[in-house]
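Listed below, chain by chain, are the residues.
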Amino acid sequence: MKENQWGKYPVLFSLYIAQSIPMSFFSTVVPVIMRQENYSLQSIGLLQLVKLPWIIKFLWAPIVDNNGRTTASLRRWIIFSELFYAAVILSIGMFSLQTDMKLIVMLMVVAFIASATQDIAVDIFAIKQLKPGERSLGNSMQAAGSFTGSLFGTGVLLIAYHYFGWSNLLIILALFVLF
């Protein structure tokens, strides 16, 4: 593989990290925080329903696919999804887990819709950018990015929550998604 072709792998790796850190945070760290705030186990269990957008993303995947025929249009889908994802995360940080949980959960669903949309666009982008012989390494970038994102989105952010608090942590998280 030519040296200038290696640049697509870090891009894929970082895009998969960007979608998985917040997703891991909301699906793993938020339940821990909820338990600390004495929410019922039923409420904590039901929180996992925020992942529904990822389950049903096949419903709007054809729209992204049909409107993502070029690299430029896919980049627009990715950038718009990431910007929207970051904005929703930032807005979640403005609310209190103690008093605004229902609103936070609704915003989490919206954030997961943006994340799922970004995933669709990145997967299409990977297929278009990678030759058949490069796809196994591309798939490794997907898996590594997702698991690295999970590592940071759970363990590291749970520790960070202790030091920074809810609002500051979500500002940091939104900035990371933008980065």
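Residues numbered from 1 in each chain as written. Predicted model: local features only at pLDDT ≥ 70, side-chain atom pairs only at ≥ 80, totals over all residues. Heavy atoms only, no water.

Caption draft 1: Focus on the overall build of the protein. When you go through the protein residue by residue, the secondary structure sums to seven helices and zero strands. Ordered by position from N to C terminus, the α and β elements of the protein give α-α-α-α-α-α-α. For the C-alpha atoms alone, the extent of the protein along its principal axes is close to 55 × 30 × 25 Å. Sorting the 179 residues of the protein into buried and exposed places 43% on the buried side. When the accessible surface of the protein is summed, it comes to about 9,600 Å², and 69% of that surface belongs to carbon and sulfur atoms. (Helix = DSSP H or I, 4+ residues; strand = E, 2+ residues; numbered from the N terminus. Buried < 20%, exposed > 50% of the residue type's maximum accessible area, 1.4 Å probe, protein only. Areas by Shrake-Rupley, 256 points an atom, 1.4 Å probe, with all protein chains shown as cover.)

Caption draft 2: Fine view of helix α7 (residues 135-178). With 44 residues, α7 extends just 26 Å between its outermost C-alpha atoms, more than 12% less than the 64 Å of an ideal straight helix rising 1.5 Å per residue. Along α7, the helix axis deviates most sharply at Gly 165, where the bend reaches about 115°. (Expected span 1.5 Å × (residues − 1). Bend = angle between axes of the 7 residues up to and from the residue.)

Caption draft 3: Seen up close, the nonpolar core. Grouped together as the largest cluster of nonpolar side chains are 35 residues, with contacts concentrated most on Phe 25, Phe 26, Val 30, Ile 89, Ile 92, Trp 166 and Leu 170. For this core, the secondary-structure elements that each account for two or more residues are α1 (8-36), α5 (71-92), α6 (101-129) and α7. Leaving out residues up to four positions away in the same chain, Ile 92 has contacts with Phe 26, Ile 104, Leu 107, Met 108, Trp 166 and Leu 170. Grouped together as the second largest cluster of nonpolar side chains are 17 residues, Leu 12, Ile 78, Ala 116 and Ile 120 included. (Core = buried A, V, L, I, M, F, W, Y, C linked by side-chain atoms within 4.5 Å. Contact = heavy atoms within 4.5 Å.)

Caption draft 4: Structural view of the side chain of Lys 57. For Lys 57, the location among the structural elements is in the loop between α3 (52-55) and α4 (61-66). Given a relative accessible area of 16%, Lys 57 falls into the buried group. The contact partners of Lys 57, leaving out residues within four places of it in the chain, are Ala 116, Asp 119 and Ile 120.

Caption draft 5: Quick look at the pattern of salt bridges. Counting across every chain of the model gives two salt bridges. For Asp 119, the salt bridge goes to Lys 57, with nearest N and O atoms at 2.2 Å. Of the two residues, Asp 119 is situated in helix α6 and Lys 57 in the loop between α3 and α4; the sequence distance between them amounts to 62 residues. (Salt bridge = Lys/Arg side-chain N within 4 Å of Asp/Glu carboxyl O.)

Caption draft 6: Layout of the environment of Leu 46. Position of Leu 46 among the secondary structure elements: in helix α2 (residues 41-46). Along the primary structure Leu 46 and Pro 31 are separated by 15 residues, whereas in three dimensions their C-alpha atoms are 9.9 Å apart.

Caption draft 7: Inspection of the packing of aromatic side chains at higher detail. Summed over all chains, the structure comprises four aromatic pairs. Pairing Phe 25 with Phe 26 gives two aromatic rings, centres 5.2 Å apart and planes at 70°, and the pair type is edge-to-face. Neither residue differs from the other here; Phe 25 and Phe 26 are each classed as buried. Members of the aromatic cluster, joined through ring pairs, are Phe 25, Phe 26, Phe 112 and Trp 166. (Phe/Tyr/Trp six-rings, centres within 6.5 Å; stacked < 30°, edge-to-face > 60°.)

Caption draft 8: Layout of α5. The terminal C-alpha atoms of α5, which comprises 22 residues, lie 31 Å apart, in line with the 32 Å expected from a rise of 1.5 Å per residue. Of all the residues in α5, the buried ones are Ser 73, Leu 74, Ile 78, Ser 81, Glu 82, Tyr 85, Ala 86, Val 88, Ile 89, Ser 91 and Ile 92. Where α5 is buried, its residues meet α1, α6 and α7.

Caption draft 9: Looking closely at the packing of α1 against α7. Direction vectors running N to C along α1 and α7 enclose 45°, while the axes themselves pass 4 Å from each other. The angle between the axes of α1 and α7 places the two elements in the oblique class. Crossing of α1 against α7: the hand is right-handed. Per-class residue counts for the contact of α1 with α7 are 27 nonpolar, 13 polar and no charged. (Axes fitted to C-alpha atoms, helices over the stretch in contact; angles between N-to-C directions. Parallel < 35°, antiparallel > 145°, perpendicular 65-115°, else oblique. Left-handed = near helix turned anticlockwise from the far one by under 90°. Nonpolar A, V, L, I, M, F, W, Y, C, P; charged D, E, K, R; others polar.)

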